[in-house]
Amino acid sequence: NAGVTQTPKFRILKIGQSMTLQCTQDMNHNYMYWYRQDPGMGLKLIYYSVGAGITDKGEVPNGYNVSRSTTEDFPLRLELAAPSQTSVYFCASRRDPQRNYGYTFGSGTRLTVV
Amino acid sequence: TQLLEQSPQFLSIQEGENLTVYCNSSSVFSSLQWYRQEPGEGPVLLVTVVTGGEVKKLKRLTFQFGDARKDSSLHITAAQPGDTGLYLCAGALLTSGTYKYIFGTGTRLKVLA
């Protein structure tokens, strides 16, 4: 039972480069999320999706884009990488947004922009 | 801006000691979750508390939701090195018909053998 799988695990980008962080889940969850985690700052929501074809912005969407063509996949695109995007990125999914259901997180992508 | 503050931010203790970490807000939450995150991994759900005053136990971990549903605590009895990690609380807010989760800033615990 794989859960939520993220790739790559680590990546170094130069300023101005672009990349896509991959996320896939095998639990048939409708709701998927992208968070970034900075030291001492907790988790900040970048984008989320309530189902295939539907995405919406979170707290910190600037500099990122997402797509949701299938239930399983929710890639995060960084265009024109900036040092401020250095962070650890987590993808997560939930079965439904009912209050008792917790998140299942991937193991994260550590991104450094130099 | 809704904030969920955790204290202490860092905690280093000896194996066998007891500890309590706190999660506080001025907002009233529909429910609150606790997660543990180990280095290089994503957070893993430990427990969800729903009712004000609710107490849940998970082996040596005791979780309590405040009566007013604005705060929560996590108490660990006889801490072990395997308890080392980042503990995150997350509160659920009902906003415009949907649940929005706010994550706390985390308590980083190190248990020394």
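This section reports on the structure supplied with the text. Along each chain, residues carry numbers from 1 onward, in the same order as the chain's sequence is written. Whichever chain is written first becomes A and whichever ligand is written first becomes 1, with later ones labelled in order. At least 70 in pLDDT is required for a residue's local features to be given in this predicted model, at least 80 for side-chain atom pairs to be given and counted, and no such filter applies to totals for whole chains, interfaces and linings, which use all residues. Side-chain metrics in this entry use all non-hydrogen atoms of the structure; hydrogen atoms and water are not considered.

Concerning the overall build of chain A
Piece 1. Working definition: helices are DSSP H or I runs of at least four residues, strands are E runs of at least two. Numbering for both runs from the N terminus. Secondary structure assignment for chain A yields zero helices and eleven strands.
Piece 2. Going from the N terminus to the C terminus, chain A shows its helices and strands as β-β-β-β-β-β-β-β-β-β-β.
Piece 3. Seen through its principal axes, chain A has C-alpha atoms that stretch 40 × 30 × 25 Å.
Piece 4. Classification of the 114 residues of chain A by burial places 45% in the buried group.
Piece 5. For chain A, contacts bridging at least 24 residues in sequence account for 54% of all contacts bridging at least 6.
Piece 6. When the accessible area of chain A is evaluated, it comes to approximately 5,500 Å², of which 50% is carbon and sulfur surface.
Piece 7. Only four residue types enter the tally: Lys and Arg on the positive side, Asp and Glu on the negative side; His and the chain ends are excluded. Here the site of a charge means atom NZ of a Lys, CZ of an Arg, CG of an Asp or CD of a Glu. For chain A, the distance from the average site of its 12 positive side-chain charges to the average site of its 8 negative ones is 6 Å. The buried label applies to any residue whose accessible area, calculated with a 1.4 Å probe on protein chains only, is under 20% of its type's maximum; exposed applies above 50%, and partly exposed to all values in between. In this analysis, two residues are considered to be in contact whenever any of their non-hydrogen atoms come within 4.5 Å of each other. Per-residue accessibility takes into account occlusion by the displayed protein chains alone, with areas from the Shrake-Rupley method and a 1.4 Å probe.

Regarding the overall build of chain B
Piece 1. Counting secondary structure elements, chain B contains zero helices and eleven strands.
Piece 2. Ordering the α and β elements of chain B from the N terminus gives β-β-β-β-β-β-β-β-β-β-β.
Piece 3. The C-alpha atoms of chain B give a radius of gyration of 14 Å, which matches the 13 Å a tight globule of 113 residues would have.
Piece 4. Each principal axis of the C-alpha distribution contributes one length, and for chain B these read about 50 × 30 × 20 Å.
Piece 5. By the burial criterion, 45% of the 113 residues in chain B qualify as buried.
Piece 6. Carbon and sulfur atoms form 50% of the exposed surface of chain B, whose accessible area is close to 5,500 Å².
Piece 7. Here chain B holds 10 positive side-chain charges and 9 negative ones, and the gap between their average locations is 4 Å. Note that the radius of gyration is over C-alpha atoms, with the globule rule given as 2.2 Å times the number of residues to the power 0.38.

Overview of the state of the cysteines
Residue and element names in this part refer to chain A.
Piece 1. Defined by distance alone, a disulfide is two cysteine sulfur atoms within 2.5 Å. One pass over the structure, following the stated rule, counts two disulfides over all chains.
Piece 2. Linked covalently through their sulfurs, C23 and C91 form a disulfide whose S-S length is 1.9 Å. A torsion of -70° about the S-S bond marks the disulfide between C23 and C91 as left-handed. Placement of the pair is C23 in strand β3 (residues 19-25) and C91 in strand β9 (residues 87-94), with a sequence separation of 68 residues. As far as the burial class goes, C23 and C91 line up, both buried.

Considering the pattern of salt bridges
Piece 1. Think of a salt bridge as a Lys or Arg side-chain nitrogen and an Asp or Glu carboxyl oxygen that are within 4 Å of each other. For the coordinates displayed, the defined rule picks out four salt bridges over all chains.
Piece 2. Here A:E79 makes a salt bridge to A:R77, at a shortest N to O gap of 3.1 Å.
Piece 3. For A:E79, a relative accessible area of 37% translates into the label partly exposed.
Piece 4. We classify A:R77 as partly exposed; its relative accessible area is 31%.
Piece 5. B:E54 is the salt-bridge partner of B:K56, the closest N and O atoms lying 3.8 Å from each other.
Piece 6. Judged by relative accessible area, which is 19%, B:E54 ranks as buried.

Overview of the sheet that holds strand β1 (residues 4-7) of chain A
Residues and elements named next belong to chain A.
Piece 1. The strand order β1-β3-β8-β7 describes an open sheet built from four strands, whose pairing is antiparallel. Two strands close off the open sheet at either side, each with one partner strand: β1 and β7 (64-66). If you compare each strand with its neighbour and ignore which way they point, the axes differ by 20° on average.
Piece 2. With three bridges connecting them, β7 and strand β8 (residues 76-78) associate as antiparallel partners. Among the inter-strand pairings, V66 is bridged to a residue of β8, identified as L76. What makes two strands pair is DSSP finding at least two bridges between them. Geometry is summarised by axes, namely lines fitted to C-alpha atoms with helices restricted to the contacting stretch, and by angles between N-to-C directions that run from 0 to 180 degrees.

Details of the packing of aromatic side chains
All names here are of chain A.
Piece 1. Pairing of aromatic rings covers Phe, Tyr and Trp, the last through its six-membered ring, and needs centres within 6.5 Å; plane angles under 30 degrees mean stacked, over 60 mean edge-to-face, and all others mean tilted. Within the structure shown, the criterion is met by 15 aromatic pairs over all chains.
Piece 2. Aromatic pair Y35 and F105: ring centres 6.1 Å apart, planes at 50°, arrangement tilted. With Y35 in strand β4 (residues 31-37) and F105 in strand β10 (residues 104-105), the pair connects residues that are 70 residues apart, well separated along the chain. Of the two residues examined, Y35 and F105, each falls in the buried class.

Points about the pairing of strand β10 (residues 98-103) of chain B
Residues and elements named next belong to chain B.
Piece 1. As judged from the six bridges shared by strand β9 (residues 85-95) and β10, these two strands associate in the antiparallel manner. Note that in β10 the partner of T95 across the bridge is T98.
Piece 2. From the end of β9 to the start of β10, which pair antiparallel, there are two residues, and S96 there has a positive phi angle of about 50°.

Quick notes on the pairing of β4(A)
Residue and element names in this part refer to chain A.
Piece 1. β4 sits mainly inside the fold: seven of its seven residues count as buried.
Piece 2. Burial of the side chains of β4 extends over both faces: Y31, Y33, Y35 and Q37 are buried on one face and M32, W34 and R36 on the other.
Piece 3. Bridging between β4 and β9 involves seven bridges; their strand directions are antiparallel. Bridge pairing links M32 to S93 in β9.
Piece 4. Where β4 hands over to strand β5 (residues 43-51), the hairpin turn is made up of five residues, of which G40 adopts a positive phi near 70°.

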